Amino acid sequence: MDRAELTNEQVLKRDIPWEHYMSTKLISGTCLQLLRRYDHKPENQRSQLLDEDGPAYVRVFLNILRSISKEETVEYVLALIDDMLTTNPKRSALFYEKSLSDEDIYEPFLSQLLWKGNWFVQEKSCKILTHIISARPKLQNGMLQNGEASNSKSKLTSIHDVLRGLVDWLCSQLRSPTHPNCSVPTAIHCLSALLREAYVRTLFVQADGVKLLIPLISPASTQQSIQLLYETCLCIWLLSFYDAAVDYLSTTRVMPRLVEVVKGSTKEKVVRVVVMSFRNLLAKGAFAAQMIDLGLPQIVQNLKAQAWTDEDLLDALNQLEVGLKDNLKKLSSFEKYKQQVLLGHLDWSPMHKDPSFWRENINNFEENDFQILRVLMTVIDTSTDTTALAVACYDLSQFLQYHPSGRIVVADLKAKDRVMKLMNHDNAEVRKNALLCVQRLFLGAKYASFLQA
């Protein structure tokens, strides 16, 4: 069988020759006794044994991984540990019992991970390490999490070395997956737990890992892809607490991708973690303006109208709504205008007919390859709102008047025929502003004051 496709259930059906290992002195008689009581026993019986003598079993498992290199046996012991921790994650605390303070609890798994053996061994080592690291006690009285004193010269593997090795491996799986279907979900699953630690966030940014998350943020449909999306967005939320990661995120397309996800997702946990990420990023850098550009205020209104039950999500939506409103008030007149256009909410607000607005902001219309003009043309082509059509034609005529290359730019957009169609519109205001726009397009700014009169 392809070892990449092995399951715990298949591995745990094996009969391991423990007696042979004892006769060759690879395990002790005590180890053999413990294994006989535990191996191939029902889950409730194994659970009772772990309650009674958990640290002893952890020591047995660690010793086997150090002493025996036979692949089938390594896989078997890793499957036993994985099964133990999956059944009851609180068992991870067994690795930190005082009786194991002399054990290097990380090294056997880190060695298996970095050895680059088969995928089953790597995946189990990674998941077990993540379980154990996440369960370690906080620093107290100068003691490190694996029982090593901070000033100790012990040769126990330091937690920093473990985390560095683990983060490097996780990033390598995202860059060049060992397993075509499992590497990325496994790496993201582990990162979504490990990035809760500040030091892991630092390592992840240093390893240039942030950019590896961005392509994974896209609307999902299957249960498996929804879980991957949720855990990826959870990673983004955790990184939003770290300034260096936020700085990097500001150079990526993370915001448009998150907006697309939140617009299309009905899974409450996905929406919650994305909205909480928005809330964290709102006050940082240019994210607020970007959110408004992408129409997030209206999206938040739509989300609030849905029947969510998660209190954290409801609180985050309310906070995000308030934050976006505050930021809208702070935006410059051009940014407000830009929001009107991008959201399609065109009306006769004062700025449209304010000459100083056009003089001061005309160069801003060049942003993103004249994005605002392209959106105005879309309004002219598709809108059924007569006010929006009239304002769009008027704004286009103002651009023609105030921009030195206005006629060339508008001609490149093939605007003439598109606007001329509106000269026969049923609405008089639309006809009037379409005519003004066409006249300025043909005659140029030189005659603007005459035409305006």
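Basis of the calculations
Residues numbered from 1 in each chain as written. Predicted model: local features only at pLDDT ≥ 70, side-chain atom pairs only at ≥ 80, totals over all residues. Heavy atoms only, no water. Helix = DSSP H or I, 4+ residues; strand = E, 2+ residues; numbered from the N terminus. Expected span 1.5 Å × (residues − 1). Buried < 20%, exposed > 50% of the residue type's maximum accessible area, 1.4 Å probe, protein only. Polar contact = N/O pair within 3.5 Å; in protein donor to acceptor, adjacent residues only side chain to side chain. Disulfide = S-S within 2.5 Å.

For the rest of this paragraph, the subject is helix 7 (residues 119-135). The end-to-end C-alpha separation of helix 7 is 24 Å, in line with the 24 Å expected for 17 residues at 1.5 Å each. Of all 17 residues making up helix 7, 13 are buried, and the element is well covered by its neighbours. Structurally, the start of helix 7 carries an N-cap: the backbone nitrogen of Phe120 is 3.0 Å from a side-chain oxygen of Asn118.

For helix 25 (residues 428-443), with 16 residues, the first-to-last C-alpha span of 22 Å sits near the 22 Å given by 1.5 Å per residue. Listed in full, the buried residues belonging to helix 25 are Val430, Asn433, Ala434, Leu436, Cys437, Val438, Arg440 and Leu441. If you check the start of helix 25, you find a side-chain oxygen 2.9 Å away from the backbone N of Glu429, and it comes from Asn427.

This part takes up the state of the cysteines. Enumeration over the complete set of coordinates arrives at zero disulfides. As a non-bridged cysteine, Cys190 has Cys126 as the owner of its nearest cysteine sulfur, 3.3 Å distant. By relative accessible area, which is 0% here, Cys190 ends up buried. Between Cys235, a free cysteine, and Cys233, which holds the nearest cysteine sulfur, the sulfur-to-sulfur gap is 9.1 Å. By relative accessible area, which is 0% here, Cys235 ends up buried.

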